[in-house]
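Observations on the model geometry
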Amino acid sequence: MASEHHLIKIAAPQFGCPTTTCTPYDSTTSCWSSNIGGYDWQCNCTTHHSSRGTVSLTLLLPHGNIREPLNARFKFSLVDRECRPVLSRTRASSFQNWTTTQHRWEWTCDDIITKDDLEQPEYRLDDGSFTVRFDIALKPFAAKATDAFVTVPPSDLHQHLGNLLECKEGTDVTFQVAGGDMFPAHRCVLAARSPVFRAQLFGEMKESKQTAGGVIIEIEDVEAKVFGSLRFIYTDSLPEADEGVADEDDGPMVHYQHLLVAADRYCLERMKLICQEKLCSHICIDSVARMLALADQHHCPGLKEACFDFLSSSTNLDLFTETDGFEVLTNSCPAVLKELLAKLATVLIFE
């Protein structure tokens, strides 16, 4: 397998609107091209001039350039002034086959960089540009097996279980959450997916009461919106949070924090990992203290490392120490602060 990386220097866009009505528009420029593995690659940078302001990157092979089958994996990362990749601004693909029958191939990283990123001196160079690292790995094309007489479709078990929950057929337990909302479910499904539900539903069940309609369990400390997301138990997937919510108290970051707490409470490890992944992309100066406290309390090593990586930037660390979050972290999670200092000391030694 052959691999290499390139640093792409891109002129920082001037975010704004071209008309007096401020209608959002997109502008695309070609920022890089190179011959790698005998293929002429091209990278385009698209600026989305919306109220938030974001930058997307698209890697492509132009028409007629795919001369033989290709198996490749790619990664884009915003880097700081020391050319260190920023974990929360990194996007990667898996290895994929691309054939000569495709007239054009492209891979897009939507909104990988924000206007706020480009305003930080840690990422913006003296000439107003920023740098993106591009990693590529190529390996021999993985030919498909000979055509078979029978094609097995992907599993649709999650769809059937999701429909079972929606129609409420055969439900034998109901959860009543704060506010009085009721959530009918199936004890066997819950018990099979969560050891906590298994102990609660097939143990002594001291919190439950029996009625003519079946078992009712009252849960006073979980909101209906959060408990409803435990539909994950049936479908193994979470709906996307509303990224357009302006109020931080109801925004996607807070929503995924609540879901992570619920996932940890009911030992839903995959759901917990999904929440960690989502939260890693919402780390900022105002949220990093809460993220670290959450990661420490609910045993989330990945989220904790992402926070440490964010604070390994001297600019971010200086800004963080001036916030109330630093004081809260000092008082509530001194062990986490000690671990952070140890990590930073190691970084300084090796630098």
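Before going into details, it helps to say that this report is about the structure given with it. Note that this is a predicted model, so its numbers are computed, not measured.

Analysis parameters
- Residues numbered from 1 in each chain as written.
- Predicted model: local features only at pLDDT ≥ 70, side-chain atom pairs only at ≥ 80, totals over all residues.
- Heavy atoms only, no water.
- Helix = DSSP H or I, 4+ residues; strand = E, 2+ residues; numbered from the N terminus.
- Contact = heavy atoms within 4.5 Å.
- Polar contact = N/O pair within 3.5 Å; in protein donor to acceptor, adjacent residues only side chain to side chain.
- 1 Å grid on protein atoms, 1.4 Å probe; cavity = no way out; pocket = protein on both sides within 12 Å on 5 of 7 lines; lining within 4 Å.
- Points joined across faces, edges and corners; volume = space filled by probe spheres on them.
- Patch = residues over 30% accessible without salt bridge, like charges linked within 9 Å, V, L, I, M, F, W, Y side chains within 5 Å.
- Areas by Shrake-Rupley, 256 points an atom, 1.4 Å probe, with all protein chains shown as cover.
- Salt bridge = Lys/Arg side-chain N within 4 Å of Asp/Glu carboxyl O.
- Axes fitted to C-alpha atoms, helices over the stretch in contact; angles between N-to-C directions.
- Parallel < 35°, antiparallel > 145°, perpendicular 65-115°, else oblique.
- Nonpolar A, V, L, I, M, F, W, Y, C, P; charged D, E, K, R; others polar.
- Pairing = 2+ DSSP bridges.
- Phe/Tyr/Trp six-rings, centres within 6.5 Å; stacked < 30°, edge-to-face > 60°.
- Buried < 20%, exposed > 50% of the residue type's maximum accessible area, 1.4 Å probe, protein only.
- Core = buried A, V, L, I, M, F, W, Y, C linked by side-chain atoms within 4.5 Å.

Residue position: Thr90 is located in strand β6 (residues 85-92). Separated by 19 residues in the primary sequence, Thr90 and Cys109 place their C-alpha atoms 9.2 Å from one another. Residues within four places of Thr90 in sequence aside, it is in contact with Lys75, Phe76 and Ser77. Within polar-contact distance, the side chain of Thr90 engages the side chain of Ser77 at 3.1 Å.

What follows concerns empty space enclosed by the protein. Overall, the coordinates contain one cavity of 30 Å³ or more when judged by the stated rule. Considering only enclosed or pocket space, the largest cavity measures out at about 30 Å³ in volume. Every residue lining the largest cavity is listed: Val86, Leu87, Ser88, Cys280, Ile283, Ala306, Asp309 and Phe310. Of all the secondary structure elements, the ones that give two or more residues to the lining of the largest cavity are β6 and α10 (301-311).

Right, let's get into a nonpolar patch on the surface. A grouping of Phe149, Val150 and Val152 is seen on the molecular surface, where their side chains present a nonpolar patch of about 450 Å² in accessible area. In this structure, Phe149 sits in the loop between β9 (129-139) and α2 (157-167).

Within the structure shown, the criterion is met by 14 salt bridges. Arg133 is the salt-bridge partner of Asp135, the closest N and O atoms lying 2.8 Å from each other. Shared partners join several salt bridges into a network, and the residues in it are Asp80, Glu82 and Arg84.

Attention now goes to the packing of helix α7 (residues 252-265) against helix α9 (residues 288-297). Orientation of α7 relative to α9, taken along the N-to-C sense of each, is 10°, at an axis distance of 11 Å. Taken together, the axes of α7 and α9 are roughly parallel relative to one another. Every residue of α9 that contacts α7 at Met253, Gln257, Leu260 and Val261 is listed here: Arg290, Met291 and Leu294. Its residues placed into classes, the contact of α7 with α9 shows five nonpolar, one polar and one charged.

Glancing now at the pairing of strand β11 (residues 182-185). As judged from the four bridges shared by strand β10 (residues 173-177) and β11, these two strands associate in the antiparallel manner. Looking at β11, one finds that Val173 is bridged to Ala185. If you look at the hairpin formed by β10 and β11, you'll find four residues sitting between the two strands, and Gly179 has a positive phi there, around 100°.

All right, on to the sheet that holds strand β4 (residues 54-61) then. A sheet is described by the order of its strands in space; here four strands give the open sequence β2-β3-β4-β8, paired in antiparallel fashion. The two strands at the open ends of the sheet, each matched to only one other strand, are β2 (26-36) and β8 (105-114). Here the strands of the sheet are splayed against their neighbours by 20° on average, with no regard to which way each runs. Looking at chain direction, strand β3 (residues 39-48) and β4 are connected through seven bridges and run antiparallel. Residue pairing in the sheet places Thr47 in a bridge with Val55 of β4.

This paragraph deals with the layout of surface pockets. In this structure, the second largest pocket encloses a volume near 260 Å³. Elements represented by at least two residues in the lining of the second largest pocket include exactly α2, β11, α5 (224-228) and α6 (232-235). Sorting elements by how many residues they give to the lining of the second largest pocket places β11 first, with four residues. Considered class by class, the residues forming the lining of the second largest pocket number 12 nonpolar, one polar and three charged.

A few words now on the packing of aromatic side chains. Evaluation of the coordinates by the stated rule reveals 12 aromatic pairs. Ring centres of Phe74 and Phe134 lie 6.2 Å apart, and the angle between their planes is 15°; this geometry places the pair in the stacked category. Taken together, the residues Phe74 in strand β5 (residues 70-79) and Phe134 in strand β9 connect sequence positions 60 residues apart. Plain terms: the ring middles of Phe320 and Phe326 are 5.6 Å apart, the flat faces sit at 90° to each other, and that makes the pair edge-to-face. Judged by its relative accessible area of 0%, Phe320 falls in the buried class.

With that settled, the discussion passes to unusual backbone geometry. In this model, Asp111 sits at a positive phi of 50°, which is unusual for a non-glycine residue. You can see Asp111 is positioned in strand β8. Asp111 gets classed as partly exposed once you look at its relative accessible area, which sits at 34%.

One finds Phe175, Leu190, Met271 and Leu303 to be the most contacted residues of the largest nonpolar core, which totals 56 residues. With sequence-adjacent residues up to four places away left out, Leu190 is seen in contact with Val173, Phe175, Ala185, Phe197, Leu201, Ile233 and Tyr234. Among the nonpolar cores identified, the runner-up in size contains 32 residues, and Ile8, Ala12, Tyr39 and Leu57 belong to it.

That's the geometry; what it means functionally is another story.
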